[in-house]
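# Coordinate inspection notes
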Amino acid sequence: MVNEEMNGAGNLMDFLDEPFPDVSTYEDFHTIDWLREKSRDTDRHRKITSKSKESLWELIKSLLDAWSGWVVMLLIGLLSGTLAGVIDLAVDWMTDLKEGVCLSAFWYSHEQCCWTSNETTFDDRDKCPQWQKWAELMTGHAEGAGAYVLNYFLYILWALLFSFLAVSLVRVFAPYACGSGIPEIKTILSGFIIRGYLGKWTLLIKTVTLVLAVSSGLSLGKEGPLVHVACCCGNLFCSLFSKYSKNEGKRREVLSAAAAAGVSVAFGAPIGGVLFSLEEVSYYFPLKTLWRSFFAALVAAFTLRSINPFGNSRLVLFYVEYHTPWYMAELVPFILLGVFGGLWGTLFIRANIAWCRRRKTTQLGKYPVLEVIAVTGITALLAYPNPYTRRSTSELISELFNDCGALESSQLCDYVNNPNMSRPVDDIPDRPAGPGVYNALWQLTLALIFKIVITIFTFGMKIPSGLFIPSMAVGAIAGRIVGIAVEQMAYHHHDWIIFKNWCRPGADCVTPGLYAMVGAAACLGGVTRMTVSLVVIMFELTGGLEYIVPLMAAAVTSKWVADAFGKEGIYESHILLNGYPYLDVRDEFTHRTLATDVMRPRRNDPPLAVLTQDSTTVEDVETLIKDTDYNGFPVVVSRESERLIGFVQRRDLTLAIKNARQKQDGVVSSSVVYFTEDAPQLPASNPQPLKLRRILNLSPFTVTDHTPMETVVDIFRKLGLRQCLVTRSGRLLGIITKKDVLRHMAQMMNQDPESIMFN
């Protein structure tokens with residue numbers, strides 16, 4: 001009789017074989033279980049495939065499911081391309097607004113205003129009656145000390161207004177919208193959960209404040225934040241398809257592709273974007289994601305090109321046309337620029353991390369608005385007098401990359417012309433530098449020092465701030481100065497042995513713009529430690545395809561030099577600073593420790609919290625959940641034998657019991673919870689038992705207590721585990737979590753093991 005009742009109860013209890021809502025989702029600041037997500041997706045796929053043979057409607061549904069990935073990529077590309085175009089146009093207009101306004105249409109930037117004017121001459125193409133500086137508009141005087149002071153004052157005022165708006169919006173509406181976003185995205189892609197980091201509010205506020213922050217003239221770029229914006233778009237579209245919204249592993253594949261689309265629109269470099277996602281941000285990058293990233297980057301670049309924000313019908317930010325090849329002897333200055341890039345990268349990372357740590361640990365961190373306003377005020381005050389720092393950083397880089405043609409009006413092209421020159425316009429021979437060039441060199445040297453110092457304090461403030469453009473600016477200034485020096489040496493000493501073979505008098509042999517380009521690549525490489533993606537981004541960015549070898553030489557040199565002082569790039573350093581649980585695939589673990597040294601419980605610790613397969617009551621489970629904060633519990637045959645059966649997640653347990661109490665009669669605190677196939681033999685007077693086999697993972701990952709930690713670290717990295725159980729001959733000894741592994745690695749490197757803040 002008892003048996004029959006029990007079997008009936010067992011069938012009743014099988015309601016859990018129908019999945020119930022919310023099981024297998026994760027809590028905030030927890031790590032996902034990659035293996036589990038992968039097996040869930042395989043099950044889902046198997047179910048859809050078997051159903052598709054039943055009817056036409058199911059077949060159509062299976063086709064729609066297969067196509068949903070490409071649809072998401074299309075939507076990400078369209079939205080991120082559109083947002084990038086809007087950001088570019090808005091930044092152009094608001095940067096010029098600090099200096100003046102267009103009378104014919106106030107929404108035109110300086111350049112657009114003078115395009116539409118009929119009175120613009122080629123020599124004075126920056127001057128046209130429709131565009132007026134603020135002093136001219138208010139007082140009627142365009143020149144003189146009074147006008148200069150008024151323009152200066154208004155420039156600072158606009159800058160302060162923009163940055164104050166940016167930091168206020170971030171503080172009030174979306175605290176996650178600050179910074180570059182790439183360190184957090186790397187952490188999220190490695191399987192960590194930060195709820196709200198890729199939310200709708202973050203997307204909206206980051207887009208608006210990015211325009212304000214870049215327009216304020218601070219030493220920051222929009223490239224890193226655009227990757228964050230694209231990932232927010234990816235997350236937004238994931239929620240439309242259950243295939244992605246219910247599986248955190250699949251969602252991360254989409255986010256990897258979104259990161260590629262972000263770089264694609266930031267630089268107009270679709271292939272560079274895919275490589276950047278692969279080399280720099282992604283943790284798990286299967287071949288399928290590579291094709292999808294390629295497609296998303298293509299759509300994003302195509303959308304941006306349709307908007308045409310630069311007005312030159314080109315996708316690239318700094319299009320260059322050099323008319324001379326490079327020579328072997330020039331590899332020496334290129335490699336020296338690489339060394340400079342590596343040294344600047346090291347200096348920047350160390351100084352910036354020290355400043356950010358100070359911000360975190362002192363009173364300074366309590367006043368983010370004041371800090372942003374102070375840095376903006378100092379930047380605007382020092383930037384206005386120097387024409388190279390007054391303009392936007394993108395314009396500065398563009399001018400430094402440019403080759404001096406016959407039609408250039410820049411100070412950098414003020415060379416002394418030879419009156420007898422009769423040559424084609426685009427092949428101008430090397431000439432002696434005029435007073436304008438020497439003047440420009442002084443201003444560039446001051447701009448270089450200013451940029452190096454101010455960027456250290458700007459990156460990491462509570463506003464959206466990218467690092468690509470400021471790093472490139474530092475390198476481009478240094479490169480242009482070196483380029484002009486080499487050019488003048490070649491002109492004045494063309495009989496020297498190094499110049500003799502390739503630089504005859506009257507020939508155009510040195511292109512200073514190329515040195516600026518190589519310097520930019522070297523400095524960006526020194527800070528981020530990118531190599532392949534960096535070179536591809538640089539030649540896509542400039543269209544300088546034949547200069548791949550100089551770019552490669554500089555990128556490799558800067559990485560070698562920077563790596564000699566420390567392996568972490570700026571993003572890895574910020575991950576360490578913030579204590580995110582990120583297991584870097586590139587780190588090597590060489591210590592000879594065993595699993596038994598790292599597992600918990602240690603000696604003197606209380607015993608491991610476990611559940612038994614058929615003798616724990618609902619009340620025991622609820623007490624265990626209340627008294628501990630572990631992510632899950634091993635299930636054993638009995639406390640005496642400690643033979644391992646499986647592992648159950650804390651969240652799944654909580655939801656299963658809550659659900660059973662709501663939907664089922666007879667489940668009370670004294671009901672027995674069992675994880676076996678058949679119900680245990682219980683007296684008839686006992687309340688109904690609760691079967692929870694459905695949520696039990698029967699194949700948890702286990703290692704023996706003598707497994708070397710080198711192997712354990714490798715398993716955690718390559719399989720993306722949350723935890724791993726330690727056994728000896730089938731008996732459970734302890735558990736190792738991802739946090740334990742990170743703590744142990746920090747300890748082995750003599751760092752503070754408690755700096756890993758999150759679970």
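Residues numbered from 1 in each chain as written. Predicted model: local features only at pLDDT ≥ 70, side-chain atom pairs only at ≥ 80, totals over all residues. Heavy atoms only, no water.

## Brief notes about the packing of aromatic side chains
- All told, the structure shown has 23 aromatic pairs when counted by the stated rule.
- Centroid distance Phe173 to Trp201: 5.6 Å. Interplanar angle 10°. Geometry classified as stacked. Of this pair, Phe173 sits in helix α6 (residues 145-173) while Trp201 sits in helix α8 (residues 200-215), and the two are 28 residues apart along the sequence.
- Classification of Trp201 by relative accessible area gives exposed; the value is 52%.
- Both rings, one in Tyr322 and one in Tyr547, keep their centres 5.5 Å apart while their planes meet at 65°; by these two values the pair is edge-to-face. With Tyr322 in the loop between α13 (287-307) and α14 (331-361) and Tyr547 in the loop between α22 (532-542) and α23 (548-565), this pair connects stretches of sequence that are 225 residues apart.
- Accessibility expressed as a relative area gives 9% for Tyr322, which makes it buried. (Phe/Tyr/Trp six-rings, centres within 6.5 Å; stacked < 30°, edge-to-face > 60°. Helix = DSSP H or I, 4+ residues; strand = E, 2+ residues; numbered from the N terminus. Buried < 20%, exposed > 50% of the residue type's maximum accessible area, 1.4 Å probe, protein only.)

## Considering the state of the cysteines
- Evaluation of the coordinates by the stated rule reveals 3 disulfides.
- The disulfide bridge from Cys114 ends at Cys128, spanning 2.2 Å between sulfur atoms. Here the disulfide of Cys114 and Cys128 is left-handed, its torsion about the S-S bond being about -75°. In this pair, Cys114 is assigned in helix α4 (residues 110-115) and Cys128 in the loop between α4 and β2 (131-133), connecting sequence segments 14 residues apart.
- Cys114 gets classed as buried once you look at its relative accessible area, which sits at 7%. (Disulfide = S-S within 2.5 Å.)

## A few points about unusual backbone geometry
- Arg600 connects to Pro601 through a cis peptide bond whose omega is 5°.
- If you trace the backbone, Pro601 turns up in the loop between α25 (595-598) and β3 (611-612).
- With phi around 65°, Arg529 is a residue other than glycine that occupies positive phi space.
- Tracing the chain through its elements places Arg529 in the loop between α21 (512-528) and α22.
- Non-glycine residue Glu642 carries a positive phi angle of around 55°.

## Notes on the packing of α14 against α21
- Where α14 meets α21, the closest approach of the two axes is 7 Å, and the angle between their N-to-C directions is 35°. Note on packing geometry: the crossing formed by α14 with α21 is right-handed. Contacts from Pro333, Phe334, Leu337, Gly338, Phe340, Gly341, Gly342, Trp344, Gly345, Phe348 and Ile349 of α14 reach α21 at Leu514, Tyr515, Val518, Gly519, Ala522, Cys523, Gly526 and Val527.
- Across the contact of α14 with α21, the residue classes tally to 13 nonpolar, 6 polar and no charged. (Axes fitted to C-alpha atoms, helices over the stretch in contact; angles between N-to-C directions. Left-handed = near helix turned anticlockwise from the far one by under 90°. Contact = heavy atoms within 4.5 Å. Nonpolar A, V, L, I, M, F, W, Y, C, P; charged D, E, K, R; others polar.)

## Structural notes on the sheet that holds β3
- Spatially, the 3 strands line up as an open sheet ordered β3-β5-β6, and their pairing is mixed. Looking at strand neighbours, the two that pair on one side only are β3 and β6 (644-649), the edges of this open sheet.
- The sheet contact formed by β3 and strand β5 (residues 632-636) spans 2 bridges and is parallel. Residue Leu611 lies in a different strand from β5, and its bridge partner there is Val635.
- Lying over the sheet, helix α27 (residues 650-663) contacts β3, β5 and β6, oriented at roughly 75° with respect to β6. (Pairing = 2+ DSSP bridges.)

## Some thoughts on the pairing of strand β10 (residues 723-728)
- Most of β10 is tucked away, with 5 of its 6 residues classed as buried.
- In terms of strand pairing, strand β9 (residues 702-704) meets β10 through 3 bridges, oriented parallel. Note on β10: the bridge partner recorded for Val703 is Val726.
- For the crossover from β9 across helix α28 (residues 709-719) to β10, the handedness is right-handed.
- Note: β10 against strand β11 (residues 731-737), 6 bridges, orientation antiparallel. Following the sheet pairing, Cys724 is matched in β11 by Ile736.
- What sits between β10 and β11 in their antiparallel hairpin is a turn of 2 residues, with Ser729 showing a positive phi close to 50°. (Right-handed = clockwise from strand over helix to strand, strands pointing away.)

## Considering the sheet that holds β11
- Taken in spatial order, the 3 strands of this open sheet run β9-β10-β11, and their pairing is mixed. Looking at the sheet topology across the chains shown, the edges are occupied by β9 and β11. The mean angle between the axes of side-by-side strands here comes to 35°, regardless of whether they run parallel or antiparallel.

## What to know about the nonpolar core
- Counting residues in hydrophobic clusters, the biggest one holds 155 residues, and the most contacted among them are Phe401, Met472, Met538 and Ile736.
- Sequence-distant contacts of Phe401, defined by excluding residues within four places in its chain, comprise Phe318, Val320, Tyr322, Met472, Ala476, Arg480, Gly513, Ala516, Met517, Ala520, Met538 and Thr542.
- Among the nonpolar cores identified, the runner-up in size contains 20 residues, and Ala660, Val667, Leu692 and Leu696 belong to it. (Core = buried A, V, L, I, M, F, W, Y, C linked by side-chain atoms within 4.5 Å.)

## What about the pattern of salt bridges?
- As enumerated under the stated definition, the model contains 26 salt bridges in all.
- Here Lys691 ties to Glu677 by a salt bridge, and the two come within 3.5 Å at their closest N and O atoms. Linking Lys691 in strand β8 (residues 690-691) with Glu677 in the loop between β7 (672-674) and β8, this pair joins segments that are 14 residues apart in sequence.
- Exposure remark for Lys691: the relative accessible area of 8% places this residue in the buried category.
- Linked by salt bridges that have partners in common, Asp41, Arg44, Asp65, Lys250 and Glu253 make up one network. (Salt bridge = Lys/Arg side-chain N within 4 Å of Asp/Glu carboxyl O.)

## Here's the deal with helix α19 (residues 468-492)
- Over its 25 residues, α19 runs 36 Å from end to end, which matches the ideal 36 Å to within 8%, given 1.5 Å per residue.
- Burial of α19 is extensive: 19 of the 25 residues sit out of reach of the surface. (Expected span 1.5 Å × (residues − 1).)

## Concerning the environment of Pro368
- Inspection of the secondary structure puts Pro368 in helix α15 (residues 368-383).
- Taking C-alpha positions, Pro368 is 60 Å from Ala679, a pair spaced 311 residues apart along the chain.

## A closer look at the pairing of β5
- Taking burial as the measure, the 5 residues of β5 include 5 buried ones, the bulk of the element.
- Side-chain alternation along β5 places Gly632, Pro634 and Val636 on one buried face and Phe633 and Val635 on a second face that is also buried.
- In terms of strand pairing, β5 meets β6 through 5 bridges, oriented antiparallel. Paired with Pro634 across the bridge in β6 is Phe647.

## As for helix α2 (residues 34-51)
- Taking 1.5 Å per residue, 18 residues should reach 26 Å; α2 reaches 26 Å between its end C-alpha atoms and fits that length.
- Elements that come into contact with the buried residues of α2 comprise α7 (182-189), α11 (248-267), β6, α27 and α28.

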